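So the chains spell out like this:
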Amino acid sequence: MEYMEHIVLVFISIVLINNLVFTKFLGCCPYLGVSGRLDMAFGMGLAVTFVTTLAGTLTWLIDHLFLLGTALEVTRYVCFILVIAGAVQLVEMYLRKFFPTLYEAFGIFLPLITTNCVILGLCLFLNLWQVNDILMAVVLSFGAGIGFTMAICIMAGIRENLALADVPECLQGAPITLITAGLLTLAFMGFAGMIK
């Protein structure tokens, strides 16, 4: 298989088939907490995509250039969290300066991107998956962010429609949201096995 075809398959795989939200249940806090409106969900998805791409690429470089094979390898988690926190600070400063209404709308969820399990999980998975070249690390990092954006936007679209639906009182709010999340996960499990 040609290298570029492999890269495209890896991208499709991380977005649809091995989506970190649907298969690993990572990033559930913003996935459930910020998916009330489609515009907010899309903004959060873009912020997470930026941080995921930047943090995944930088942590792969730090890991392969400085940490692997040295005594510093035990500092991997600390280094990864520092890189992620720095990337989140860039996003936070940018949004505060250029999109203050979006910054206010995100509230506490924007700083919580630092602890978003999708980002830290991806940084750790890049080593676990034995990614050995920078292009693959960038594609996986960007694809994981796109997959998160897709998941949160689908959930937001459904939740906006559910606001207009006649949902029984006992299922309104969190119960119907969790049922919807479960059904979405089951739907995306249908892609399992298409690409390894």
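Computed from a prediction, not measured in an experiment: that's the story for all the values here. (Residues numbered from 1 in each chain as written. Predicted model: local features only at pLDDT ≥ 70, side-chain atom pairs only at ≥ 80, totals over all residues. Heavy atoms only, no water.)

Caption draft 1: Just the side chain of T177, in detail. Secondary-structure assignment places T177 in helix α9 (residues 174–189). What makes T177 buried here is its relative accessible area of 8%. Excluding residues that lie within four positions of it along the chain, T177 makes contacts with L32, M155 and R159. (Helix = DSSP H or I, 4+ residues; strand = E, 2+ residues; numbered from the N terminus. Buried < 20%, exposed > 50% of the residue type's maximum accessible area, 1.4 Å probe, protein only. Contact = heavy atoms within 4.5 Å.)

Caption draft 2: Representation of the nonpolar core. Of all hydrophobic cores here, the largest spans 50 residues; its most connected members are Y31, M44, V51, I113 and I152. Looking at which element gives the most residues to this core, the answer is helix α8 (residues 134–162), with eleven residues. In this view, I113 contacts M44, A47, V48, V51, I84, V88 and I119; residues no more than four positions away in its chain are not counted. (Core = buried A, V, L, I, M, F, W, Y, C linked by side-chain atoms within 4.5 Å.)

Caption draft 3: Seen up close, a nonpolar patch on the surface. A cluster of nonpolar side chains, namely Y3, M4, I134 and L135, defines an oily patch on the protein surface of about 360 Å² accessible area. Within the secondary structure, Y3 is located in helix α1 (residues 3–17). Given the relative accessible area of 38%, Y3 is considered partly exposed. (Patch = residues over 30% accessible without salt bridge, like charges linked within 9 Å, V, L, I, M, F, W, Y side chains within 5 Å. Areas by Shrake-Rupley, 256 points an atom, 1.4 Å probe, with all protein chains shown as cover. Salt bridge = Lys/Arg side-chain N within 4 Å of Asp/Glu carboxyl O.)

Caption draft 4: Fine view of the environment of Y103. Tracing the chain through its elements places Y103 in helix α6 (residues 100–106). On a C-alpha basis, the gap between Y103 and E92 in space is 7.4 Å, while along the polypeptide they are eleven residues apart. Aside from chain neighbours lying at most four places away, what touches Y103 is E92, L95, R96 and L110. In terms of polar contacts, Y103 uses its side chain to reach the side chain of E92, at 3.5 Å. (Polar contact = N/O pair within 3.5 Å; in protein donor to acceptor, adjacent residues only side chain to side chain.)

Caption draft 5: The packing of helix α5 (residues 76–98) against helix α7 (residues 117–128), seen in detail. One way to put it is that α5 packs onto α7 with a least axis distance of 10 Å and a crossing angle of 135 degrees. With respect to each other, α5 and α7 are oriented oblique. Note that α5 runs across α7; the crossing there is right-handed. Contacts between α5 and α7 involve R76, Y77, F80, I81 and I84 on the former and, on the latter, I119, L120, C123, L124 and N127. (Axes fitted to C-alpha atoms, helices over the stretch in contact; angles between N-to-C directions. Parallel < 35°, antiparallel > 145°, perpendicular 65-115°, else oblique. Left-handed = near helix turned anticlockwise from the far one by under 90°.)

Caption draft 6: Broad picture of the packing of aromatic side chains. All told, the structure shown has seven aromatic pairs when counted by the stated rule. For the pair F22 and Y31, a centre-to-centre distance of 6.1 Å together with 85 degrees between the ring planes defines the contact as edge-to-face. On the basis of relative accessible area, Y31 is assigned to the buried category, the value being 3%. When the ring of F125 is compared with that of W129, the centres are 5.1 Å apart and the planes differ by 20 degrees; the resulting orientation is stacked. Classification of W129 as partly exposed rests on a relative accessible area of 35%. Here a set of aromatic residues connected by ring pairs shows up, and it is made of F22, Y31, F188 and F191. Positioned over the ring face of F125 is K24, at 5.9 Å from the centre of the ring. (Phe/Tyr/Trp six-rings, centres within 6.5 Å; stacked < 30°, edge-to-face > 60°. Lys NZ or Arg CZ within 6 Å of the ring centre and 35° of its normal.)

Caption draft 7: Main features of the packing of helix α4 (residues 38–67) against α7. Across the interface, α4 lies against α7 with an axial gap of 9 Å and an inter-helix angle of 35 degrees. In the crossing of α4 with α7, the sense of the turn from one axis to the other is right-handed. Mapping the contact onto sequence places V48, V51, T52, A55, G56, T59, W60 and D63 in α4 and I119, L122, C123, L126 and N127 in α7. Partitioned by chemical class, the residues of the contact of α4 with α7 number eight nonpolar, four polar and one charged. (Nonpolar A, V, L, I, M, F, W, Y, C, P; charged D, E, K, R; others polar.)

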